[in-house]
Amino acid sequence: MSSAGISFFDLVIAGVGGQGTILASDIIGKAAVKEGLPVMAAETHGMAQRGGSVVNHLRIGCEFGSLIPLKSADALLALEPSEALRYIEYLSDDGIVIVNTEPVLPVTVTSGVSSYPDIGEMIDYLEQKFTVKAFNAVQLAKAAGHVQSMNTVMIGAVSKYLPLSKDVLIECVRGSVPKKTVDINIKAFELGLLQA
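Bear in mind the structure is a predicted one, so any value in this text is a computation, not a measurement.

J.: Before we move on, could you go through the overall build of the protein and cite the residues and values that matter?
T.: A tally of regular secondary structure across the protein gives 8 helices and 8 strands. Taking 16 Å as the expected radius of gyration for a compact globule of 196 residues, we find that the protein reaches 16 Å, a close match to that expectation. Taken along its principal axes, the extent of the C-alpha atoms in the protein is 55 × 40 × 30 Å. Considering only contacts within the protein whose residues lie at least 6 apart along the sequence, 62% involve residues at least 24 apart. Entry remark: accessible area of the protein is about 9400 Å², with carbon and sulfur atoms responsible for 54%.

J.: Would you mind going over the side chain of Ser 176 in detail, with residue names and values included?
T.: Within the secondary structure, Ser 176 sits in helix α7 (residues 166-176). Here Cys 172 takes part through its backbone oxygen, which lies 2.7 Å from a polar atom of the side chain of Ser 176. Apart from the residues lying within four places of it in its own chain, the contact partners of Ser 176 are Leu 23, Ile 27 and Lys 30.

J.: So what's going on with the packing of α7 against helix α8 (residues 182-193)? Which residues, and what values?
T.: At a closest axis distance of 9 Å, the pairing of α7 and α8 adopts a crossing angle of 145°. Relative to α8, the crossing made by α7 is right-handed. Within the contact between the two elements, α7 uses Lys 166, Leu 169, Ile 170, Val 173 and Arg 174 and α8 uses Val 182, Asn 185, Ile 186, Phe 189, Glu 190 and Leu 193. Of the residues that constitute the contact of α7 with α8, the class distribution is 7 nonpolar, 1 polar and 3 charged.

J.: Quick rundown of the pairing of strand β7 (residues 91-100)? Include the residues and the values.
T.: When you tally the buried positions in β7, you get 8 out of 10 residues, the bulk of the element. Alignment of strand β6 (residues 73-78) against β7, held across 5 bridges, turns out to be parallel. Looking at β7, one finds that Ala 78 is bridged to Val 99. Read as a crossover between parallel neighbours, the route from β6 over helix α2 (residues 81-86) to β7 is right-handed. In the sheet, β7 pairs with strand β8 (residues 131-135) via 5 bridges, with the strands oriented parallel. By the bridge assignment for β8, Ile 96 is matched with Thr 131.

J.: Pulling in residues and values, what's your account of the side chain of Asp 10?
T.: Here Asp 10 lies in strand β3 (residues 9-16). According to the relative accessible area criterion, Asp 10 is buried, its value standing at 10%. Filtering out sequence-adjacent residues up to four positions away, Asp 10 remains in contact with Leu 58, Arg 59, Ile 68, Ser 72, Ala 73, Asp 74 and Ala 75.

J.: How would you summarise the layout of surface pockets if you had to cite specific residues and measurements?
T.: Taken as a whole, the largest pocket spans an internal volume of roughly 460 Å³. Around the largest pocket, the lining is made up of 20 residues, and of these Gly 18, Val 147, Gln 148, Ser 149 and Met 150 lie nearest the centre. Elements represented by at least two residues in the lining of the largest pocket include exactly α6 (150-159) and α8. Taken together, the residues of the lining of the largest pocket break down into 9 nonpolar, 10 polar and 1 charged.

The rules we used
Residues numbered from 1 in each chain as written. Predicted model: local features only at pLDDT ≥ 70, side-chain atom pairs only at ≥ 80, totals over all residues. Heavy atoms only, no water. Helix = DSSP H or I, 4+ residues; strand = E, 2+ residues; numbered from the N terminus. Rg over C-alpha atoms; globule rule 2.2 N^0.38 Å. Contact = heavy atoms within 4.5 Å. Areas by Shrake-Rupley, 256 points an atom, 1.4 Å probe, with all protein chains shown as cover. Polar contact = N/O pair within 3.5 Å; in protein donor to acceptor, adjacent residues only side chain to side chain. Axes fitted to C-alpha atoms, helices over the stretch in contact; angles between N-to-C directions. Left-handed = near helix turned anticlockwise from the far one by under 90°. Nonpolar A, V, L, I, M, F, W, Y, C, P; charged D, E, K, R; others polar. Buried < 20%, exposed > 50% of the residue type's maximum accessible area, 1.4 Å probe, protein only. Pairing = 2+ DSSP bridges. Right-handed = clockwise from strand over helix to strand, strands pointing away. 1 Å grid on protein atoms, 1.4 Å probe; cavity = no way out; pocket = protein on both sides within 12 Å on 5 of 7 lines; lining within 4 Å. Points joined across faces, edges and corners; volume = space filled by probe spheres on them.

The following block contains the structure:
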């Protein structure tokens, strides 16, 4: 969204510990700063180290507080499919959901105590109300050269909707990842952009 030349964009990034949710938020936030846009962020993570839920609120062009009100986010970037359902109440009715379809199975599922929801049914549920871009970002990250670049795939996918230039986002990716992984992460970004 924009008004009088100022761009506004509320983004919720959700994932589980170890997926690079916070790094994704940092990269997008740095890009906003480089473009001269005010940016506010808030993050919450419980048992992040153990695969617990991690969510970041990123408000570009906003000066009214760092937490995004319910039903007002422009986009939900879900690095894990069940996290899309967990945080969908933040998305505005005309918002977009970008979701990685590769699940991270909690211990309760791997130990047989509970079952993981059907991914196709989750996507169908989301598509009933929202515009959804769903794809396996883990496979794309592997194609780019390393599974840990999955978060950069997701940044590439959401980049089309952000009020930020692709070049500045790539510059911030380059400056935020280990030097030896720069080429992999830039390729991951480009593969994600093709999913948008």
